[in-house]
Amino acid sequence: MRDLLDEGGLRGSFLVRDLDTGDELGIDPDAEFPIASLVKLPLAIATLERVARGELDAAARIDVTPGRGTARGPTGLSRFRHPATVAVDDLLYLSTAISDSTAADALFAMTPPAAVAAELRRLGHDGIAIRHLTGDLAQTPAERLAPADAHLAHSLAINAATDGDGHPIAQLDVSRANTGSARAFTDLLQALWRPSKIHPDAAARVRELMADNLLRQRLTPDFAADASRWSSKTGTLLNLRHEVGVVEHADGQAFAVAALTQSRVPAVTQPGAEAQMAQVARTLRDELRERGRPGPRH
């Protein structure tokens, strides 16, 4: 699997865990990466924890300024041209299920990054650093270049990194970006799908939002089927491609899957890399699933 990633120009942090036995398989699962839109997952948890405590009203209407996004990729309110009024619960849907950064920053306005980080620590998760808004993800060289020159931003992202994972692009610098690892997100998924300090109502709503994820081109083809349910959240920024989720099988087995990757190929669209990500994650899951089945192995 390491060779396959290397052939595709990828390095990554992968972890697959059986949610009931705790057995797991991974590749560099503790490597730290900037997490891009994966930050919207802890944001949703922190928001819903506050709703469960009565600090926020899920039905409260929030006035949202349009994002006026012009770069390729942003969704939802980020593409709106006119102001809108949206309920908190609907902002959660837009932020989590379609990765709308304008909706996410409307939620961050109520629970700032430092407060989200504190909420994670209260819940026993300190492996994810929350430092900035999601709107900052749109302030990279890619947004200053014409679409035909987008590969230049990817070249900068690839070639300007330092040996210590520093970077002149703040969103790619692990000391300044929102960061995490495959293990940290697997732990978070475990807490959402099995009893934990997360309020049951909050966990149930996040699971529902992840099941509604509309971005299904990455790991979904290898995990969604008639006999399995795939719930996930993606993250994409320049040469970063991530996805974390849980696959629940009809026979009762359930696996948390976390795949965080970085490409060294200066191209915006890389379906082959996404297919290789999925193949690696699926292979790890298949091996772990086979080990968990009763009876002799063949």
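Structural data are supplied above this passage.
About the thresholds
- Residues numbered from 1 in each chain as written.
- Predicted model: local features only at pLDDT ≥ 70, side-chain atom pairs only at ≥ 80, totals over all residues.
- Heavy atoms only, no water.
- Helix = DSSP H or I, 4+ residues; strand = E, 2+ residues; numbered from the N terminus.
- Buried < 20%, exposed > 50% of the residue type's maximum accessible area, 1.4 Å probe, protein only.
- Contact = heavy atoms within 4.5 Å.
- Pairing = 2+ DSSP bridges.
- Axes fitted to C-alpha atoms, helices over the stretch in contact; angles between N-to-C directions.
- Parallel < 35°, antiparallel > 145°, perpendicular 65-115°, else oblique.
- Left-handed = near helix turned anticlockwise from the far one by under 90°.
- Nonpolar A, V, L, I, M, F, W, Y, C, P; charged D, E, K, R; others polar.
- Phe/Tyr/Trp six-rings, centres within 6.5 Å; stacked < 30°, edge-to-face > 60°.
- Expected span 1.5 Å × (residues − 1).
- Salt bridge = Lys/Arg side-chain N within 4 Å of Asp/Glu carboxyl O.

Draft legend 1. Molecular detail of the overall build of the protein. Along its length, the protein carries 10 helices and 9 strands. A total of 298 residues make up the protein; the buried ones form 53% of that total. For the protein, restricting intrachain contacts to residue pairs at least 6 apart in sequence, the fraction spanning at least 24 positions comes to 65%.

Draft legend 2. Broad picture of unusual backbone geometry. The phi angle at D28 is positive, at roughly 45°, despite the residue not being glycine. On the secondary structure map, D28 appears in the loop between β2 (24–27) and β3 (33–34).

Draft legend 3. Here's a closer look at the sheet that holds strand β7 (residues 228–237). Pairing is antiparallel across the open sheet formed by 5 strands, whose spatial order is β2-β1-β9-β8-β7. Two strands in the sheet have a free side with no partner beyond their single neighbour: β2 and β7. Ignoring which end each strand starts from, the neighbouring axes of this sheet average 10° apart. Judged from the 9 bridges that link them, strand β1 (residues 10–18) and strand β9 (residues 254–263) form a sheet pairing that is antiparallel. Counted as the bridge partner of F14 is A259 from β9.

Draft legend 4. Examining the environment of A84 more closely. Mapped onto the fold, A84 is located in strand β5 (residues 84–87). Taking the C-alpha atoms as reference, A84 lies 8.2 Å from I62; in sequence the two are 22 residues apart. In this view, A84 contacts I62, D63, V64 and L77; residues no more than four positions away in its chain are not counted.

Draft legend 5. Representation of the packing of helix α2 (residues 40–52) against helix α4 (residues 101–110) within the structure. The geometry of α2 relative to α4 is characterised by a closest axis approach of 10 Å and an angle of 45° between their N-to-C directions. Judged by the inter-axis angle, α2 sits oblique to α4. The two elements α2 and α4 cross, and the hand of that crossing is left-handed. Within the contact between the two elements, α2 uses K40, L43, T47 and R50 and α4 uses S101, A104, L107, F108 and M110. Its residues assigned to classes, the contact of α2 with α4 comprises 5 nonpolar, 2 polar and 2 charged.

Draft legend 6. Representation of the packing of aromatic side chains. Applying the stated rule across the entire model yields 1 aromatic pair. Residues F223 and W230 carry aromatic rings whose centres are separated by 4.8 Å and whose planes lie at 15° to one another, so their mutual orientation is stacked. The pair F223 / W230 is uniform in exposure class, with both members buried.

Draft legend 7. Seen up close, the pairing of β9. Counting buried residues in β9 gives 9 out of 10 residues, a clear majority hidden from the surface. One ladder, built from 9 bridges, connects strand β8 (residues 240–249) with β9; its direction is antiparallel. In the sheet register, E243 faces β9, and the bridge partner there is A259. Linking β8 to β9, which pair antiparallel, is a turn of 4 residues; within it G252 sits at a positive phi near 105°.

Draft legend 8. Spotlight on the environment of L92. With respect to the helices, strands and loops of the structure, L92 is situated in helix α3 (residues 88–97). Distance from L92 to A58, taken between C-alpha atoms, is 9.2 Å for residues 34 residues apart in sequence. The contact partners of L92, leaving out residues within four places of it in the chain, are A44, T47, L48, A97, L107 and L209.

Draft legend 9. Quick peek at helix α10 (residues 271–292). The terminal C-alpha atoms of α10, which comprises 22 residues, lie 31 Å apart, in line with the 32 Å expected from a rise of 1.5 Å per residue. Elements in contact with the buried residues of α10: α1 (2–7), β1, β2, α9 (220–223), β8 and β9.

Draft legend 10. Main features of α2. The terminal C-alpha atoms of α2 lie 18 Å apart, and with 13 residues this matches the ideal 18 Å at 1.5 Å per residue to within 8%. With 11 of 13 residues buried, α2 lies mostly within the body of the structure. Three or more residues of α2 are buried, namely K40, L41, P42, L43, A44, I45, A46, T47, L48, E49 and R50. Looking one or two residues past α2, G54 carries a phi angle of roughly 85°, positive in sign.

Draft legend 11. Structural view of the pattern of salt bridges. One pass over the full model with this rule turns up 21 salt bridges. Between R264 and D6 there is a salt bridge whose closest N-O contact spans 3.1 Å. With R264 in the loop between β9 and α10 and D6 in helix α1, this pair connects stretches of sequence that are 258 residues apart. Overall, the relative accessible area of 44% leaves R264 in the partly exposed class. D6 sits in the partly exposed class, given a relative accessible area of 43%. For R122, the salt bridge is made with E119, and the minimal N-O distance between the two is 2.6 Å. Pair noted here: R122 and E119 are both in helix α5 (residues 113–122), with a separation of 3 residues, about one helical turn. What makes R122 partly exposed here is its relative accessible area of 43%. Connected via shared salt-bridge partners are E49, R50, R53, E55, E119 and R122.

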